[in-house]
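Structure at a glance
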There are 2 protein chains.
Amino acid sequence: METRPYIPWDMLNSFMIDVFKAYGVPEEDAAICADVLIESDRRGIESHGCNRFKPIYLDRIKNGTLLPVTKIDIVKETPTTVVMDANNGMGMVASYRMMEMLVEKARTYGMAGGTVFNSTHYGIAGYWTGMAERAGMIGITGTNARPSVAPTWGVEPMMGTNPLTFTMPTDEEFPFNFDCATSTVQNGKIEYYERIGKPTPAGLVVTPDGGTMTDSGQILRDMRQGQCALTPLGGLGEDTGGYKGYGFTTIVEILSAALAGGPYMKELSGKNPDGSNKMYRLGHFFFVINPEFFMGLDTFRETAGGICRELRASQKAPGAERIYTAGEKEWDAWQERKDKGCPVGESVQKELLYLRDTCNLDYRFPFED
Amino acid sequence: METRPYIPWDMLNSFMIDVFKAYGVPEEDAAICADVLIESDRRGIESHGCNRFKPIYLDRIKNGTLLPVTKIDIVKETPTTVVMDANNGMGMVASYRMMEMLVEKARTYGMAGGTVFNSTHYGIAGYWTGMAERAGMIGITGTNARPSVAPTWGVEPMMGTNPLTFTMPTDEEFPFNFDCATSTVQNGKIEYYERIGKPTPAGLVVTPDGGTMTDSGQILRDMRQGQCALTPLGGLGEDTGGYKGYGFTTIVEILSAALAGGPYMKELSGKNPDGSNKMYRLGHFFFVINPEFFMGLDTFRETAGGICRELRASQKAPGAERIYTAGEKEWDAWQERKDKGCPVGESVQKELLYLRDTCNLDYRFPFED
């Protein structure tokens, strides 16, 4: 049962655009960035939505690690590929321009691929693959990030939580949308465990002695000091397949940097050795595949939808309510909140009020009544 | 310490070609199939090498579920894509022809993709991505397979162990080669646990009551009856990320079938409802990406190699000997056995002798002395 107050989607959208503009982001770019952040809330992915508006975007514009005006250089372009320098501007703006180009290329050539370097946080990965899917195509993307994941048999945070994301058209109301980190969990989940006062399951975090820890508050404190690391999907060691998740994380690390020759791993910490801030210089990759160049979009939709339906209808574990397919929970979240608006907790409310007042904007939020 | 006798690689190769020919496989195709199977042994992946020669290929030719002469129909071809019908012939021959075509297309267009349907077991997935890598490109492949993996919160074997495989060039002696199932383990690993008399770790298998089991022998018996299923990477339920592995397995299931509109999941059991054999009708997909259409192969190699080296050099857990990167163990296996030959255990020896005698071939194996 949702107990938080809602903000109408339209109001949230125009508010975020106005704030971005007040921070120096051009109007057209502000509209893109607001839509990416709000799409996360629409899907119920609250770790990447308006909760990040101030700390991950606006505060970084203020401290100089994120440039509000995104100067995009196309470093290389061929009929099927694009290499783009985002010049430390808004990663979401660069990614949007990239996906527009790749969808057009895949419309003509069937396959397209691109990479962005010198970039910043690009929001939910599934936004970009969703642009391909709405054009009737398969989207694949990944990005590197600040080091937090240790390799199998290692204890040092080396790689980002590196999502490897696929969205594919189906004949259902919503696509197959697989959008998550290649680590067992990401920070946001441990913050959630701490908030609800629960221990973190064993095996999700590796400590310098090669063991694991479950105290959620302690994990968060140690993580900030680089004193523990997340495990790759599959967990600690090799017995439960941890080396497989480690492989997926590495694939994303390589593709995010190597297509452009950009920086990787420890270079992406956002900190200089003296503790001062530096540019993040993230890299992302994007591939688009057009099913019309295979046996056609209708065939693809029908087969993909059939697989999803049969999975959901298969025999459940006793006590299990539902078998989901990827993207279904996000679709359910949207059904639940599309008419109500975006639920905002106390900390986000405070940030929105702070931004309104410091930007001298004329909004009155429903939660103020 | 290896105690099994070795067979020289050349002898094994010419023997396998001769046997395939005796089973009706054309000489050129036999050479491809022998090389795929032997490559698995070269890499130390003994679950997919000459141990499978008789049961998975020759016995299936004999029982009519695998046609020795591979009639390939190109159902659709564009400058960047290929859809191929393998007509229930050798999946390895169709995949070889496919990769030859895709590498040429990616040389010209930068990106290429293909799918094969009505196919059969294509050997190690990494063979196909390796063909791209040897041409200086990134290879990606996956295949569906007989249903054995349950979705998260499900207990029924629905999907194959569906590998999602990437090989990428580096500046080292060997590429980054990630080649494994998207389930926590595959059957071969449980057979291994049984052979060495060890229990299977908890969470790798789900039973009809939604729990797990660890008795390796019992698991194998129950698997054959469809009475238990493998879990996706990340294990049971959602706490340790099982839904992520489930997502990867589903991605492979969709891409393997939907690009061609081929069959999927339960349709791939190889059995009719009355228990008689039917054609497997597997599907595979392949993507090739040419780094020369991005910032160039040398840049790609250097960055990918740098990532691998830094991962290996990172801080190890106390007691851990080494941090590996994907493909390194396979490279080590090859270094160890390249001059000695292929080690063969007793059961494989018996199969080789049986094949020699029934095919009236004139070979004398070192293990006979």
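Residues numbered from 1 in each chain as written. Chains lettered and ligands numbered in written order. Predicted model: local features only at pLDDT ≥ 70, side-chain atom pairs only at ≥ 80, totals over all residues. Heavy atoms only, no water.

**Quick notes on the relation of the copies chain A and chain B**
Heads up, the condition is: A least-squares fit on C-alpha atoms brings the copies together, and the residues used are those whose pLDDT is at least 70 in both copies. Contacts: residue pairs with any heavy atoms within 4.5 Å of one another.
Mapping chain A onto chain B calls for a rotation angle of 180° and an axial translation of 0.0 Å; the resulting RMSD is 0.0 Å. Expressed as an axis order, the relation between the two copies is that of a two-fold axis. In terms of proximity to the rotation axis, the leading residue of chain A is G234 of chain A, whose C-alpha is 2.3 Å off the axis. Both copies share a contact surface, since 100% of the interface residues of chain A are interface residues in chain B too.

**Details of the pairing of strand β5 (residues 138-143) of chain A**
Moving residue by residue along a regular strand, the side chains alternate between the two faces of the sheet. All names here are of chain A. What counts is decided by this rule: When accessible area is computed with a 1.4 Å probe and restricted to protein chains, residues below 20% of their type maximum are described as buried, those above 50% as exposed, and intermediate ones as partly exposed. Per the convention used, a helix needs a DSSP run of H or I reaching at least four residues, while a strand needs a run of E reaching at least two, with both numbered from the N terminus. Two strands pair if DSSP finds at least two bridges between them.
Most of β5 sits inside the fold, with six of its six residues counted as buried. Burial along β5 is two-sided: I138, I140 and G142 facing one way and G139, T141 and T143 facing the other are all buried. Of the strand pairs in this sheet, β5 and strand β10 (residues 282-289) are connected by six bridges, and their pairing is antiparallel. What sits directly across from G139, in β10, is V288.

**Structural notes on the packing of aromatic side chains**
This is how it is decided: Here a Phe, Tyr or Trp ring, Trp counted by its six-membered ring, pairs with any other such ring whose centre lies within 6.5 Å, and the pair is stacked when the planes are under 30 degrees apart, edge-to-face when over 60, and tilted otherwise. Placement of a charge over a ring requires the Lys NZ or Arg CZ to be within 6 Å of the ring centre, with the centre-to-atom vector within 35 degrees of the ring normal.
Within this structure, the stated rule accounts for 27 aromatic pairs over all chains. Look at F15 of chain A and F365 of chain A: their rings are 5.0 Å apart centre to centre, the planes differ by 80°, and that puts the pair in the edge-to-face class. Of this pair, F15 of chain A sits in helix α1 (residues 9-22) while F365 of chain A sits in the segment after α11 (346-358), placing them 350 residues apart in sequence. Comparing F15 of chain A with F365 of chain A, the two get one shared label, buried. On the basis of an interplanar angle of 10° and a centroid distance of 6.4 Å, the ring pair of Y363 of chain B and F365 of chain B is categorised as stacked. Assigned by exposure class, Y363 of chain B and F365 of chain B land together as buried. Among the aromatic residues, those joined into a cluster by ring pairs are F15, Y363, F365 and F367 of chain A. Its end group placed over the ring of Y354 of chain A, K54 of chain A keeps NZ or CZ at 5.2 Å from the ring centre. Lying over the aromatic face of Y324 of chain B, K329 of chain B brings its terminal NZ or CZ to 4.7 Å of the ring centre.

**Observations regarding the interface of chain A and chain B**
Inclusion rule: Note on terms: buried area is the combined drop in 1.4 Å-probe accessible area of two parts once they are placed together, counting the loss on both. A pairing counts as a salt bridge when a side-chain nitrogen of Lys or Arg comes within 4 Å of a carboxyl oxygen of Asp or Glu. By the criterion applied in these results, polar contacts are pairs of N or O atoms within 3.5 Å in which, for protein atoms, one can donate a hydrogen and the other can accept it, and in which residues neighboring in sequence qualify only through two side-chain atoms. When residue character is reported, Ala, Val, Leu, Ile, Met, Phe, Trp, Tyr, Cys and Pro are called nonpolar, Asp, Glu, Lys and Arg charged, and the others, Gly included, polar.
With 90 residues of chain A at the contact, the number on the chain B side is 90 residues. Surface buried jointly by chain A and chain B totals about 7500 Å² across both partners, of which 74% is contributed by carbon and sulfur atoms. When the area that chain A buries against chain B is broken down by residue, the three leading residues are K244, F294 and I307 of chain A, summing to 9%. For K329 of chain A, the salt bridge goes to E238 of chain B, with nearest N and O atoms at 3.0 Å. Applying the counting rule to chain A against chain B returns 26 residue pairs in polar contact (both at pLDDT 80 or more). Per-element accounting of the side of chain A that touches chain B gives the leading share, 13 residues, to helix α8 (residues 242-258) of chain A. Its residues placed into classes, the side of chain A that touches chain B shows 51 nonpolar, 27 polar and 12 charged.

**With respect to the packing of helix α6 (residues 187-195) of chain B against helix α7 (residues 216-224) of chain B**
All names here are of chain B. We apply this condition: The convention used is that axes are lines fitted to C-alpha atoms, helices contributing only their stretch in contact, and that angles between N-to-C directions extend from 0 to 180 degrees. When describing relative orientation, an angle under 35 degrees is termed roughly parallel and one over 145 degrees roughly antiparallel, while 65 to 115 degrees is termed roughly perpendicular and anything else oblique. Crossing chirality is assigned from the near helix's rotation relative to the far helix, an anticlockwise turn below a right angle marking it left-handed and a clockwise turn marking it right-handed.
Where α6 meets α7, the closest approach of the two axes is 8 Å, and the angle between their N-to-C directions is 140°. The angle between α6 and α7 falls in the class oblique. Relative to α7, the crossing made by α6 is left-handed. Contacts from N187, I190, E191, Y193 and E194 of α6 reach α7 at S216, G217, I219, L220 and M223.

**Digging into unusual backbone geometry**
Phi at N88 of chain A takes a positive value of approximately 65°, unusual for a residue other than glycine. Within the secondary structure layout, N88 of chain A lies in the loop between β3 (81-85) and α4 (91-109). Residue class for N88 of chain A comes out buried when judged on its relative accessible area of 15%. Located in the positive-phi region is N360 of chain B, a residue other than glycine, with phi close to 55°. On the secondary structure map, N360 of chain B appears in the segment after α11 (346-358). Taking relative accessible area as the criterion, N360 of chain B reaches 69% and is therefore assigned exposed.

**Regarding the side chain of T120 of chain A**
Residues and elements named next belong to chain A. Checked against the element boundaries, T120 lands in the loop between β4 (111-119) and α5 (125-134). Here the side chain of T120 touches G89 through a polar contact of 2.8 Å, landing on its backbone oxygen. Residues in contact with T120, not counting those within four places in the same chain, are T65, L66, N88, G89, M90, G91, L282 and H284.

**Focus: the sheet that holds strand β5 (residues 138-143) of chain B**
Residues and elements named next belong to chain B. On the basis of which strands lie adjacent, the open sheet formed by seven strands has the order β2-β3-β4-β10-β5-β6-β7 and mixed pairing. Among the strands making up the open sheet, the edge pair consists of β2 (73-77) and β7 (176-178). Neighbour to neighbour, the strand axes of the sheet diverge by 15° on average, direction disregarded. Both strand β4 (residues 111-119) and strand β10 (residues 282-289) contribute to a ladder of seven bridges, which runs antiparallel. By the bridge assignment, T115 is partnered in β10 with F285. Lying on the sheet, helix α5 (residues 125-134) is in contact with β5, β6 (164-168), β7 and β10; it crosses β6 at an angle near 30°. Of the strands in this sheet, β4, β5, β6 and β10 touch helix α8 (residues 242-258), which is tilted by about 95° from β10.

**Thoughts on the domain arrangement of chain A**
Residue and element names in this part refer to chain A. Going by this rule: Where each domain begins and ends follows an automated or database-derived domain assignment.
In terms of domains, chain A is made up of domain 1 (1-63 + 339-369) and domain 2 (71-184 + 231-326). The C-alpha centroid of domain 2 is placed 25 Å from the C-alpha centroid of domain 1. Each partner contributes to the interface: domain 1 provides 20 residues, whereas domain 2 provides 15 residues. Joining domain 1 to domain 2, the criterion identifies two salt bridges. In this structure, the connection of domain 1 to domain 2 is made through five residue pairs in polar contact (both at pLDDT 80 or more). Counting residues per element, the ones that place at least two in the side of domain 1 that touches domain 2 are α2 (27-42) and α3 (53-63). With nine residues, α2 is the single largest residue contributor to the side of domain 1 that touches domain 2. Partitioned by chemical class, the residues of the side of domain 1 that touches domain 2 number 10 nonpolar, three polar and seven charged.

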